[in-house]
Amino acid sequence: MCEDDHENDHAGIGRRAVFVTGAAAALTLSTVSFASAAGGTGPRTRTVRGTLPPGSPDFVYVPVEVPRGVREIHVAYTYDRPTVPAGTQGNALDIGLFDERGTDLGGRGFRGWSGGARTEFFVRADDATPGYVPGPVRAGTWHIALGPYTVAPQGLSYEITITLTYGEQGETPRPVYPPERASGRGRAWYRGDCHLHSEYSDGCYTLAEIARLARAAGLDFINSSEHNTHSAHAHWAGLAGDDLLILLGEEVTTRNGHVVALGTDPGTFVDWRYRARDNRFGRFARQIRRAGGLVVPAHPHATCIGCNWKFGFGEADAVEVWNGAYTPDDEVALADWDGMLVASVRDGRRDWIPAMGSSDSHRSPDVIGRPQTVVLADDLTREAIQEGIRAGRSYVAESSKVSLSLTASGGRGEHAGIGERLRVDADTPVTVRLEVTGAPRCTVRLVTDQGVLFTSDPLPVSGAGTVQWRTTASYAAYVRAEVRHEAAAGPLPGALAAFTNPVFLGS
């Protein structure tokens, strides 16, 4: 028999405290207690209500005292969505859960995050809602984490219903992860999509659908990148195969930009609860690398709230320049990345940040593998793919139909490909050659630190063609290629069909 609902009121300012977690200030509300329900056998429910004002902290925690003997925690929530004037943000409230180990930055107590994708979730030892991590429900103070993403001028009124079910706990499954190797072709070009979402965060695709669509798109590898949760890691093993390498990661979705943790150790969780002003990103970038992953800022010039990248690129191993269907945001990101290349050669630095592209697919009609990063790697393994990406031995294509080969050669047989350096004297003649297939009526542009220095006639309707251009290292410190569709109108270039990382020229 269920106990009657007990209601707590979080409205007002008398029953809350502001504290600092080592990152942005957060708000802790009054505790929801189930003490009187200890030792029961049926579900027990509490409902709490409150209102968050404009200017609320990034994270608001609702402590929940969980007695012994609880088998399952279930949380459901709603919030109001009042009409707001044009140009004003309405209400959006994210949600997640931390267990009795606490909410300290670093996520030791992290048990799941669904952002704004779900209105309810559960956690128990043997199972959990996608986005959440199964495991023992231990006695102590748990915390429901609220993330007021945006708050309307009227405030954000919410209602949370917490249900504890008592009984014997099930057995927590031992996680099984996909292998770090697939059957490759030795040193070859491998195609991958490193930014994807499923039902384990805010996507609609199942993991099985992603794997099927990845294979259909001609991909050799993908990277699991759910928003602020690693909960999908343990569910990919049965979907990998000799023909598909599945890397594990996370899209770390902060309020000042998103970063893809690419190919981390299985079960790695990376916290997201900080802003650029908190000076914490370096700590978590180092955590990603310690876990064997790459740090890849995603869609750095996206216009959605919190999406624009504000942490700088000093920690980046690569940058996602092309995200999903090609848009003006991507054009800005491409130009910004080219500016970083120019700065690296101007300052005489040998280090540079390679570019990538990924689909960021969430649901149909998003196209998995549009675009895709094509990597020259020694084999189809986690380590080899990451090394190819880190070295910039890659190009980005809108589909598996498009293939590129960019080389530069000197007069004495010197030769370099994408991501490499052709070591020649400043005035040595250099021949740049680009071979293209799968790009009908597209135009080739060769871009250097001096700008666009070569533009071809449109390729034939077969989509195949070869262009050559001669230069010197004194005239072009690097050369990269862009393959673009015909422009719809005006002086702007057409959308990309593909682009390469640069070939560097000079000693």
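Residues numbered from 1 in each chain as written. Predicted model: local features only at pLDDT ≥ 70, side-chain atom pairs only at ≥ 80, totals over all residues. Heavy atoms only, no water.

## Notes on the domain arrangement of the chain
- For the chain, the assigned domains are domain 1 (32–166), domain 2 (174–400) and domain 3 (402–506).
- The distance between the C-alpha centroids of domain 2 and domain 3 comes to 25 Å.
- The contact between domain 2 and domain 3 buries some 2100 Å² in all, and 56% of this surface belongs to carbon and sulfur atoms.
- In this structure, the salt-bridge partner of D338 is R480, at a minimum N-O distance of 3.0 Å.
- Where domain 2 packs against domain 3, one counts 13 residue pairs in polar contact (both at pLDDT 80 or more).
- Listed by contribution, the elements that provide at least two residues to the side of domain 2 that touches domain 3 are strand 13 (188–196), strand 19 (319–323), helix 3 (328–346), strand 20 (355–358) and strand 22 (394–397).
- When residues of the side of domain 2 that touches domain 3 are assigned to their parent elements, the largest contribution, 7 residues, is made by helix 3.
- Looking at side-chain class alone, the side of domain 2 that touches domain 3 contains 17 nonpolar, 4 polar and 6 charged residues. (Domains from an automatic or database assignment. Buried area = accessible area lost by both parts, 1.4 Å probe. Salt bridge = Lys/Arg side-chain N within 4 Å of Asp/Glu carboxyl O. Polar contact = N/O pair within 3.5 Å; in protein donor to acceptor, adjacent residues only side chain to side chain. Helix = DSSP H or I, 4+ residues; strand = E, 2+ residues; numbered from the N terminus. Nonpolar A, V, L, I, M, F, W, Y, C, P; charged D, E, K, R; others polar.)

## With respect to the sheet that holds strand 24 (residues 415–417)
- Taking strand neighbours across the sheet as the criterion, the 4 strands line up as 24-23-26-29 in an open arrangement whose pairing is antiparallel. Two strands lie at the open edges of the sheet, namely strand 24 and strand 29 (465–471), each paired on one side alone. Direction aside, neighbouring strands of the sheet carry axes that sit 20° apart on average.
- Bridge analysis of strand 26 (residues 430–437) against strand 29 gives 7 bridges, and the strand direction is antiparallel. By the bridge assignment for strand 29, V436 is matched with G465. (Pairing = 2+ DSSP bridges. Axes fitted to C-alpha atoms, helices over the stretch in contact; angles between N-to-C directions.)

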